[in-house]
Every structure is written in structure tokens, then in C-alpha cells.
Amino acid sequence: MMLGFVHETLGQRVRFGTGTAREAVREEIGLRGAHRVLVVSGNRETGLTDDVAKGLADSIRFSEIVQHVPIASAERARKVASEFSADLIVCIGGGSTTGLAKAVALTTGIPIVAVPTTFAGSEATNVWGLTEASRKATGVDPRVLPSVVIYDAELTMSLPVDLAASSGLNALAHCVDSLWAPRTDPINQALAVEGIRALSSGLRGIVADPTAVGGYESALFGTYLSAVAFASSGSGMHHKICHVLGGTFNLPHAPTHAIVLPYVTAFNAEAVPVANARLAAAFGSLDGLSGLEALRTDLSAPRSLASIGLKESDIPHAAELCLAAIPRSNPRPFGLADVERILTAAWAGSPAVELSEKGNAP
Ligand code: NAD
């Protein structure tokens, strides 16, 4: 087969350094010559935010962080930014915090320095998301890609272990979906496979010893690789399903990803044998699904959408919304009944293998 593909690399300065976030933020503000900084961070990050603000000539803080970025919060933050004439946004927090900073950048063009505290990965993508009237809209815009990302594993060590595991599986989902998303290519596949390795060992390390920084460092590195792969390949079936579940049914982002991933993997993996073999190699397992399930077991990952608030009666409506959103390029053909089966199995937490082509065989 001839090699041929088009790959876009996003330009961003990325700093890794455990225990260095405070210093790194101050340095980056100085390098950018910023004078009026909008700090976007939730109440949990008050200590770090105060430390960062101490060295600044002029800063203002916006701390109304709401999951999935409701448009009303975005508009309030945009108003604060423009009234303050902010020339830089520093966001410190998880994907919801980064998402709010992106919403401001989308309409104002103000550059972002992102300091992530979860494994969501939003800081390394040019994707924005906003929720209005129970619908999550997403889009791609170069203005929302943070100019700088400061990764400091110490900031993730306060994550409760179950949230660290779910958040890490969210990052792992970026890797897995990248293998069959609409713009998948050999570069983002290579990043995705290495991301799976780093995330698998990092997350197992966190669960084994939540007080040791090594696992968080490895998971954070995997997070970055996963997000770069995802930004390049676009959203596949898995992300489209999770966006519907988060945006319309307000399910928590990371646990939703952690629960849905094996069902989409089971549905798709055998239709893409090369990707399945690469998943298996990355997990060190016989096939992609068994490696993912072994990891989920080790992490005590959440099992069912019912347990995080989806009602069984929501499934038909959710399936219709998902059907309209999932790319037709998905490697295994699908219809409404297939999407309903995926959602029903994930809702109940039944064995994912039943959705595979083999599992379906008479
Ligand atoms: P989140 O930002 O909502 O954080 C979840 C919870 O964890 C919050 O209560 C938060 O305060 C807490 N938290 C954050 N960091 C912590 C820490 N270090 N210690 C203890 N608690 C901490 O959740 P998330 O999963 O990070 O992000 C989800 C959001 O990010 C969703 O809106 C999703 O759509 C978005 N996202 C966007 C992209 C993208 O490319 N645009 C990618 C991934 C996720």
C-alpha cells in the first residue's frame, strides 16, 4: 500500500516540570509581556491562584466554573475579560476550567496559558465546547488553542484516586478513538499508542501508590500525547456518544468516558485489525478489548451509565442524537439499533464483548 496522508501539527509551547508551576506561570507571563491577566480558576485552586497573582502587576480572577461550559457562564467571563481589558488568560484547573478560558479566547482572541490539574487534555486541543439549552456544541478554532501549557504533576496529586482513574480513562479514550476517527493517520496513531502505554502504567502506578508522583507524571505525559492525537484525528464514535451524554443528560464527563469506552472498542476493534493489533501491543494483551478491560478492572473503573444518572427511558432519545453525530466513516457500519445496543449495554454495565462482531456471532 502507498503511504499518503495529510497531517496538521498544532503550534504550542509545552513545559513539563514537577513542582515548577508557580515559577513557570510567572516566567511565561513575563515572556509574553502581559500586564492585565485574567486568571480563570475554581475555588479549589485558590492557593495556587493567589501565589501566581502575587507577582502580577494587575490581575482579575473569574472562578465560576461549571462543567460543560454553559453559555451564560461564558458570556459573564467574556464581559469580565473585556471590561478589564485583559491581555492574557491564565487558566488553572480541569477541563471545565480550560473550557471556560477557551470560550473567552474564542470571541476575544486573548491568548491562554493553561495549567491543567486533571488528565482531560483540553489544553492541547483547538476544540471548544459550549452548552446551551441542553445541547453541547463543539467546534474547532485556532484562537482557543492555549499558547502555552504548563504540566506540573504535583497539581494532579490532590485528585481522589477514583477521579484520577476516570480522568485518565478519558485521556485513554482520546487515544483509542484516534485510531479510527475521521482524520486518523500514522502520526496520531503513533502518538496514541505511546499515550496508551504511558497512561496504562501511570494510572496503575497512581492506584498502587497515590502518594508517589511517578504515576501522575506518566499519566500527564500520556494525557498530552492523547490530546495531540485527538486534536489531529477528530472525534470518532466514542467522543460523539460522550458529548451527547454530557451535553444533553449532564452526565459527569470523565466517568462517562470511562464507562462508554469498552463498548465502542468492542463494537469497532475487529473491523480495524491493524488498530486492534496496535491496541493489543500497547496494552500488552491478546486484543484491544481484553487489555482495556484488564486496565479498567485494575483501576476499579465505574461500570454503568445507570450508576452515574442516565435513565433507561433516556436511551431512545440519546441514541437518535448520537446517530446524527457519529461520523459515517466509522470503521464498522452502524444504524440506530446498533447505537441503542451500545447505549443499553453501557447503561446496564453488561459485558462489552457482546457488542463485538465475534460476540454477535450465532
Ligand atoms: P472538571 O474540570 O469538571 O473537574 C472535575 C472535578 O474535579 C471538579 O469538581 C474539579 O474541581 C475537580 N478537580 C480538578 N482538578 C482537581 C485536582 N487536581 N484535585 C482534586 N480535584 C480536582 O472535569 P474534567 O474531566 O477535567 O473536564 C471535563 C470538561 O472538559 C468537559 O466539559 C469536557 O467536555 C471538557 N474537555 C474538553 C476537551 C477539548 O478538547 N475541548 C477535551 C477533554 C475534555
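What counts and how
- All residue numbers refer to position in the chain's written sequence, counted from 1.
- Owing to the predicted nature of the model, reporting of local features is limited to residues with pLDDT of at least 70; listing and counting of side-chain atom pairs is limited to 80 or more, with chain, interface and lining totals taken over all residues.
- Calculated side-chain values reflect all of the structure's heavy atoms, with hydrogen atoms and water omitted.
- Under the DSSP-based scheme used, a helix requires at least four consecutive residues in state H or I and a strand at least two consecutive residues in state E, with every element numbered from the N terminus.
- The globule rule used here is 2.2 Å times the number of residues to the 0.38 power, and the radius of gyration it is set against is calculated over C-alpha atoms.
- Residue burial is assigned from relative accessible area. The probe radius is 1.4 Å, only protein chains are included, and a residue is buried under 20% of its type maximum, exposed over 50%, and partly exposed in between.
- Any two residues having at least one pair of non-hydrogen atoms within 4.5 Å are treated as being in contact.
- Note on areas: Shrake-Rupley, 1.4 Å probe, and residue coverage restricted to the protein chains presented here.
- Only four residue types enter the tally: Lys and Arg on the positive side, Asp and Glu on the negative side; His and the chain ends are excluded.
- Note that the charge is assigned to NZ on lysines, CZ on arginines, CG on aspartates and CD on glutamates.
- Salt bridges, as used here, are contacts in which a Lys or Arg side-chain nitrogen is within 4 Å of a carboxyl oxygen on Asp or Glu.
- The criterion for a residue being near a molecule or strand is simple. One of its heavy atoms has to lie within 4 Å of it.
- Polar contacts, as counted here, are pairs of nitrogen or oxygen atoms within 3.5 Å of one another; within protein the pair requires one atom able to donate a hydrogen and one able to accept it, and residues that are adjacent in sequence qualify only if both atoms are side-chain atoms.
- Residue type decides the class: Asp, Glu, Lys and Arg count as charged, Ala, Val, Leu, Ile, Met, Phe, Trp, Tyr, Cys and Pro as nonpolar, and the leftover types, Gly among them, as polar.
- Take the buried Ala, Val, Leu, Ile, Met, Phe, Trp, Tyr and Cys residues and link them wherever side-chain atoms come within 4.5 Å; each set so joined is a nonpolar core.
- Two strands are said to pair when DSSP picks up at least two bridges between them.
- Axes here refer to lines fitted to C-alpha atoms; in helices the fit is confined to the stretch in contact. Angles between the N-to-C directions go from 0 to 180 degrees.

S.K.: Could you give me a rundown of the overall build of the chain, with the residues and numbers involved?
M.R.: In terms of helices and strands, the chain carries 14 helices and eight strands. In terms of overall dimensions, the chain is globule-like: its C-alpha atoms have a radius of gyration of 20 Å, near the 21 Å expected for 362 residues. Once the C-alpha set of the chain is aligned to its principal axes, its extents read approximately 70 × 45 × 40 Å. For the chain, the proportion of its 362 residues judged to be buried stands at 55%. Taking the contacts inside the chain whose residues are at least 6 apart along the sequence as the reference set, 73% of them involve residues at least 24 apart. Accessible surface for the chain amounts to roughly 14200 Å². Of this, 57% is attributable to carbon and sulfur atoms. When the 28 positive and 34 negative side-chain charges of the chain are each reduced to one mean point, those points stand 3 Å apart.

S.K.: Tell me what's going on with the pattern of salt bridges, and back it up with residues and numbers.
M.R.: The full count for this structure, using the stated rule, is 16 salt bridges. For E194, the salt bridge identified is with R197, shortest N-O distance 3.3 Å. Taken together, the residues E194 and R197, both in helix α6 (residues 186–208) and three residues apart, mark about one turn of the helix. Among the ionic contacts, a cluster of salt bridges with common partners joins R13, R15, E27, E28 and R32.

S.K.: Before we move on, can you summarise the site of the ligand with the specific residues and values?
M.R.: Contacts to the ligand come from 21 residues, most closely from S96, T117, T118, T125 and K136. In this structure, S96 approaches the ligand through a side-chain N or O atom, which is 2.6 Å from an oxygen atom. Measuring from an oxygen atom of the ligand, one finds a side-chain N or O atom of T125 at 2.6 Å. At the level of elements, α4 (95–108), α5 (161–178) and α9 (253–268) are the ones that each hand at least two residues to the shell around the ligand. By residue number, the principal contributor to the shell around the ligand is α4, which donates three residues. For the shell around the ligand, the class distribution of residues is seven nonpolar, 11 polar and three charged.

S.K.: Give a detailed account of the nonpolar core, specifying residues and quantitative values.
M.R.: Among the nonpolar cores identified, the biggest contains 72 residues, and F119, L172, I241, L245, L305 and L343 are the most heavily contacted of them. Apart from residues lying up to four places away in sequence, I241 is in contact with V260, V264, C322, I326, I342 and L343. If you look at the next biggest cluster of nonpolar residues, it comprises 23 residues, including A81, A105, I112 and W128.

S.K.: Pulling in residues and values, what's your account of the pairing of strand β7 (residues 135–140)?
M.R.: One face of the sheet, then the other: side chains in a regular strand alternate in exactly this way. Looking at chain direction, strand β6 (residues 127–132) and β7 are connected through six bridges and run antiparallel. The partner of W128 across the bridge, within β7, is G139. Hairpin connection, β6 to β7: the antiparallel pair is bridged by two residues, and A133 has positive phi, about 50°.

S.K.: Go over the sheet that holds strand β3 (residues 58–62) with me, naming the residues and quoting the values.
M.R.: Across the sheet, which stays open at both edges, the six strands sit in the order β1-β8-β5-β4-β2-β3 with parallel pairing between neighbours. The open sheet has two free edges, formed respectively by β1 (13–16) and β3, since each of these has just one partner strand. Shown here is a sheet whose adjacent strand axes are inclined to one another by a mean of 15°, direction ignored. As paired strands, β1 and strand β8 (residues 148–151) are joined by four bridges and run parallel to one another. When the sheet's bridge partners are listed, V14 is paired in β8 with V149.

S.K.: Could you give an account of the side chain of S232, naming the residues involved and the relevant values?
M.R.: Residue position: S232 is located in helix α7 (residues 213–233). Here S232 falls in the buried class, since its relative accessible area comes to 10%. Among the polar contacts listed, one links the side chain of S232 to the side chain of H7, at a separation of 3.3 Å. Excluding residues that lie within four positions of it along the chain, S232 makes contacts with H7, E8, R183, D185 and N188.

S.K.: Describe the environment of N170, with residues and values.
M.R.: By secondary structure assignment, the location of N170 is in helix α5. For the pair N170 and A254, spaced 84 residues apart in sequence, the C-alpha to C-alpha distance is 5.4 Å. Contacts of N170, omitting those with residues within four sequence positions, involve A120, H253, A254 and H257. A distance of 3.1 Å separates polar atoms of two side chains, one belonging to N170 and the other to H253.

S.K.: Please provide a residue-by-residue account of the environment of S218, values included.
M.R.: Mapping S218 onto the fold places it in helix α7. For S218 and A34, which are 184 residues apart along the polypeptide, the C-alpha to C-alpha distance reads 32 Å. Residue contacts for S218: discarding those within four places in its chain leaves A198, S201 and G202.

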